[in-house]
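Summary of the model geometry
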Amino acid sequence: MIKKHMTGIHGFDLISEGGLPEGRTTLVSGTAGSAKTVFAVQFLARGIIERQENGVFVTFEESPVDIADNMIGFGWDIATWESEGKWAFVDASPQPDEVPVVSGEYDFGALLARIEHAVKKVNAKRVSVDSLAAVFTQFTESGIVRTELFRIAVALKRMGITALLTAERTEEYGDIARYGVEEFVADNVIILRNSLAEERRRRTIEILKFRGTPHQKGEFPFTVLPDEGLVVMPLSAMELKQKSSDIRISSGNEELDKMCGGGFFRDSIVLVSGATGNGKTLMVAEFIKGGIQNNERCLLFAFEESREQLFRNAKGWGVDFEEMETKGNLKILCMYPEVLGMEDHLIRIKRILDEYKPNRVAIDSLSALERVSTGKGFREFVIGVTSFIKHGEIAGFFTSTTPSLMGGTSVTEAHISTITDSIILLRYVEMMGEMRRALTVLKMRGSMHDKQIKEFNIDHNGMHIGKAFRNVVGILSGHPSSTPPEEMDRISGLFKE
Amino acid sequence: MQKYQLRLYVTGQTPRSKIAINNLQLLCKNELKGQYELSIIDVLERPQLAEDEKIIATPTLIKDLPPPLKRVIGDLSNKEKVLLGLDIIPPSELTHEEGAK
């Protein structure tokens, strides 16, 4: 059984089920700008930072000075590591002043000797070679280059080094790499992609093969963070093993608690769907109020309104966000969804969850985020957020805006309805020249709930749920119509003995 | 005629190293008429020297003097290319030109 070598790259060790195959070379192939060099540097950097494993970086492309300068932003101080004997460069980058003349046969004996020398010098466990394509542009005799690179790969293996070789590819879905380099490092192949979908860049990583050792299959989204480097989101590798409790928590509204059979469950995710202005943000405010009253820590991600707007509106419903925040049990983060990519939003949310450790989290609204993402990206985001929340034993409260004023569903719901534990629908009801508001608990996993469609009002104390719309049908489909009371009596009597 | 200063980097005592050394010594004798200094460096013994000069391929021939610095890689079996790479005008051609005058 081949052992794995933990890389220390977030999420990667999960999808690779333990890291890179130990003592082997792994090919990392990607198009231009797919973060190959970052990956190669990060592999060594994590080794030095986390595991006291030193590394050798062989560069065929950028000069060592450029690499050190480019990577300092990630917090990797290569120059210091070099002086401390933890990092060694083997500089095989093209020298600007001269193009050597070739006369007769040659090999890469000198390069190999330099790599072996560097490995001994710093007692390296890890070697990164970046990038193989650049060798082929420096040396045009591709036959020689291929055999010589193969020799180097063999030598690294003999030395027991876990090595990472980067290679260029020209298309996102095509040959593994240019110049057929995969032929001599064919044991393990990782592909980094940076594809354009609906005008947005989407980075993914795929482990194509690890010979003789298991790994997760398929593409996983990743992002490159300024202070951390590559972060892989192991969405489908996440296990569905969250606990679920039967502890009830208050929704912040007594009447709604009653409708839900005594409140929401503590580790559940609630989705509120409704048209614009229907009372979704109000329910968020009440949900937070309920938490604060119970001495819970609450977190609100607002993607639709600014802080000022949000504070003013909440005050109108008798909820003082400002005071809650000063007392320290509430944190509100407002941001335009367009500011970050979906992956970055997800990672930001995860970090804040880890730092703040809330009992309740609300996101207002998911549909605002959906606006800036692709279908797949959004689905991954929702699964990711849900998983973080459930693992943290946090109560989640999401809102979603329906596109039409009356009735209808949003795509958001289609994506996440199976993940959420409870769904509450808010709808407008047009009756006798008046817009009234309706609420119903559509689904409540693991509990009895009120199935009626009830009317509610909003005033300076928040939401008040009243009586059921007894003689109106077609509210949810968006075509409400009144039915005379006699007809109602007749229908309700139909199933009686 | 200025003295040529040459360095040849090889990897151990391989047949290719020997071919390169033989070719170079022959060339020096015939074309440089003893006006040269040659040092041969084995990168297996002295890898740091290869690192300092950023040598990738072996054999590599470096001409330090007269300037400019020039590099030739390979076993030096193609004499014309070596001369071209080192900016050496073979004396045979010089005499030929003089003879033409």
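Reading guide: rules and limits
Here the residue numbering is sequential within each chain, running from 1 through the sequence in written order. Chains carry letters from A onward and ligands carry numbers from 1 onward, assigned in written order. Confidence filtering applies because this is a predicted model: local features only for residues at pLDDT of at least 70, side-chain atom pairs given and counted only at 80 or more, and all residues used for totals across whole chains, interfaces and linings. For side-chain calculations, the full set of non-hydrogen atoms in the structure is used, while hydrogens and water are omitted. Throughout, a contact is declared for two residues whenever any of their heavy atoms are within 4.5 Å. Note on terms: buried area is the combined drop in 1.4 Å-probe accessible area of two parts once they are placed together, counting the loss on both. Salt-bridge detection follows one rule: a side-chain nitrogen of Lys or Arg within 4 Å of a carboxyl oxygen of Asp or Glu. Polar contacts, as used here, are pairs of N or O atoms within 3.5 Å; protein pairs need one atom able to donate a hydrogen and one able to accept it. Residues neighboring in sequence count only if both atoms are side-chain atoms. Runs of H or I in DSSP of at least four residues are treated as helices and runs of E of at least two as strands, each being numbered from the N terminus. On a scale of 0 to 100, pLDDT captures the predictor's confidence in every residue. Note on exposure labels: buried denotes an accessible area under 20% of the residue type's maximum, exposed denotes more than 50%, and partly exposed covers the range between, all computed with a 1.4 Å probe on protein chains only. When DSSP finds at least two bridges between two strands, those strands are taken to pair. Of all possible arcs, the one meant is that of the directions from the helix axis to the C-beta atoms. Geometry is summarised by axes, namely lines fitted to C-alpha atoms with helices restricted to the contacting stretch, and by angles between N-to-C directions that run from 0 to 180 degrees. An angle below 35 degrees is read as roughly parallel, one above 145 as roughly antiparallel, one from 65 to 115 as roughly perpendicular, and any other as oblique. A crossing counts as left-handed when the near helix is turned anticlockwise from the far one by less than a right angle, and as right-handed when that turn is clockwise. As used here, the term nonpolar core means buried Ala, Val, Leu, Ile, Met, Phe, Trp, Tyr and Cys residues forming a set that is joined through side-chain atoms within 4.5 Å.

1. Notes on the interface of chain B and chain A
Contact with chain B, which involves 27 residues of that partner, is made by 24 residues of chain A. Summed over both sides, the interface between chain B and chain A buries roughly 2,200 Å², with carbon and sulfur atoms accounting for 56% of that surface. In this assembly, chain B and chain A are joined by four salt bridges. Notably, a salt bridge pairs A:Asp107 with B:Arg16, separated by 3.0 Å at the nearest N-O pair. At the junction of chain B with chain A, the criterion picks out 17 residue pairs in polar contact (both at pLDDT 80 or more). Mapped onto the side of chain B that touches chain A, the elements with two or more residues apiece are helix 2 (47–52), strand 4 (70–73) and helix 3 (79–86) of chain B.

2. Some details on the environment of A:Leu20
Residue and element names in this part refer to chain A. As for its placement among the helices and strands, Leu20 is situated in strand 2 (residues 20–21). Expressed as a C-alpha distance, the spacing of Leu20 and Met159, which sit 139 residues apart in the sequence, is 16 Å. Setting aside chain neighbours within four positions, we find Leu20 in contact with Lys3, Lys4, His5, Thr7, Phe12, Thr26, Phe43, Thr162, Leu164, Ile190 and Phe210.

3. A closer look at the confidence of the model for chain B
As a general rule, the predicted coordinates of low-pLDDT regions are not to be interpreted in detail. Residues and elements named next belong to chain B. Across chain B, the average pLDDT comes to 83, with 87% of residues at 70 or higher. This stretch, residues 97–101, has a pLDDT under 50; its non-local contacts, to residues over four places away or in other chains, come to zero contacts. ipTM for the predicted complex: 0.87, alongside a pTM of 0.75.

4. Section: the pairing of strand 8 (residues 162–168) of chain A
All names here are of chain A. Judged by how many residues are buried, strand 8 sits mostly within the fold: seven of seven residues are covered. Neither face of strand 8 is left uncovered, since the one carrying Thr162, Leu164, Thr166 and Glu168 and the one carrying Ala163, Leu165 and Ala167 both have all their residues buried. In the sheet, strand 3 (residues 25–30) pairs with strand 8 via six bridges, with the strands oriented parallel. Looking at the pairing, Ser29 lines up with Ala167 of strand 8. The sheet contact formed by strand 7 (residues 124–130) and strand 8 spans four bridges and is parallel. In the strand pairing of strand 8, Val129 is matched with Leu165.

5. Observations concerning helix 3 of chain B
What helix 3 of chain B keeps buried is the set B:Val82, B:Leu83, B:Gly85 and B:Leu86. Angularly, the buried residues of helix 3 of chain B cover 165 degrees about the axis, an arc narrow enough to put them on a single face. Seen from the open side of helix 3 of chain B, the exposed residues pointing more than 90 degrees away from its buried face are B:Glu80 and B:Leu84. On its buried face, helix 3 of chain B sits against strand 6 (101–102) of chain A together with strand 1 (4–10), helix 1 (15–31), strand 3 (60–65) and strand 4 of chain B. B:Asp87 occupies a position one or two residues after helix 3 of chain B and carries a positive phi of about 65 degrees.

6. Quick notes on the environment of A:Glu338
All names here are of chain A. Mapping Glu338 onto the fold places it in the loop between strand 17 (330–334) and helix 12 (342–356). By relative accessible area, which is 46% here, Glu338 ends up partly exposed. On a C-alpha basis, the gap between Glu338 and Arg371 in space is 8.6 Å, while along the polypeptide they are 33 residues apart. Leaving out residues up to four positions away in the same chain, Glu338 has contacts with Arg371 and Val372. A polar contact of 3.2 Å, which involves the side chain of Glu338, links it to the side chain of Arg371.

7. So, the side chain of A:Ser16
All names here are of chain A. For Ser16, the location among the structural elements is in the loop between helix 1 (12–15) and strand 2. Taking the relative accessible area as the measure of exposure, Ser16 reaches 0% and is therefore buried. At 3.5 Å, the side chain of Ser16 forms a polar contact with the backbone oxygen of Asp13. Among the polar contacts listed, one links the side chain of Ser16 to the backbone nitrogen of Gly19, at a separation of 2.9 Å. Contacts of Ser16, omitting those with residues within four sequence positions, involve Lys4, Ile207, Phe210, Pro214 and His215.

8. Topic: unusual backbone geometry
Residue and element names in this part refer to chain B. For the bond running from Thr58 to Pro59, omega is -5 degrees, close enough to zero to count as cis. Considering the arrangement of structural elements, one finds Pro59 in the loop between helix 2 and strand 3. Omega for the bond connecting Pro67 with Pro68 falls within 30 degrees of zero, at 0 degrees, which places this linkage in the cis form. With respect to the helices and strands, Pro68 occurs in the loop between strand 3 and strand 4. Look at Leu76: it is not a glycine, yet its phi comes out positive at around 60 degrees. Looking at where Leu76 falls in the secondary structure, it is placed in the loop between strand 4 and helix 3.

9. What about the pattern of salt bridges?
Residues and elements named next belong to chain A. Within this structure, the stated rule accounts for 35 salt bridges over all chains. For Glu168, the salt bridge identified is with Lys36, shortest N-O distance 3.5 Å. Remark: Lys36 occurs in helix 2 (residues 36–51) and Glu168 occurs in strand 8; sequence separation between them is 132 residues. Judged by relative accessible area, Lys36 falls into the buried class, the value being 7%. One network of salt bridges, in which partners are shared, links Arg24, Lys157, Asp187 and Arg211.

10. Observations concerning the packing of helix 5 (residues 109–122) of chain A against helix 7 (residues 142–158) of chain A
The packing of two helices is summarised by the inter-axis angle and the distance between the axes. Residue and element names in this part refer to chain A. Where helix 5 contacts helix 7, the two axes come as close as 10 Å, and the packing angle between them is 20 degrees. Of the possible angle classes, the one that applies to helix 5 and helix 7 is roughly parallel. Once helix 5 is placed against helix 7, the crossing between them reads as right-handed. Where helix 5 approaches helix 7, its residues Gly109, Leu111, Leu112, Ile115 and Glu116 are matched on the opposing element by Glu148, Arg151, Ile152, Ala155, Leu156 and Arg158.

11. Observations concerning the nonpolar core
Residues and elements named next belong to chain A. Val56, Val58, Phe108, Leu111, Val127 and Phe139 are the most contacted members of the largest nonpolar core, which totals 42 residues. By residue number, the principal contributor to this core is helix 7, which donates seven residues. In this structure Val56 touches Leu44, Ala88, Val90, Ala118, Val119, Val122, Ala124, Arg126, Val127 and Ser128, once residues within four positions along its chain are discounted. Of all hydrophobic cores here, the second largest spans 38 residues; its members include Val272, Leu300, Val319 and Ile424.

12. Focus on the sheet that holds strand 9 (residues 188–197) of chain A
Residue and element names in this part refer to chain A. If you walk across this open sheet you meet the nine strands as 5-4-7-8-3-9-10-11-12, and the pairing is mixed. Every other strand in the sheet has two partners, leaving strand 5 (87–91) and strand 12 (229–232) as the edge strands with one partner each. Taking each pair of neighbouring strands and ignoring which way they run, the sheet shows an average axis angle of 25 degrees. By the bridge criterion, four bridges tie strand 3 to strand 9 in an arrangement that is parallel.

13. What about the side chain of A:Thr420?
By the secondary structure assignment, A:Thr420 is in the loop between helix 15 (411–416) and strand 20 (422–431). Once residues within four sequence positions are removed from consideration, A:Thr420 is found in contact with A:Ile269, A:Leu271, A:Lys443 and A:Arg445.

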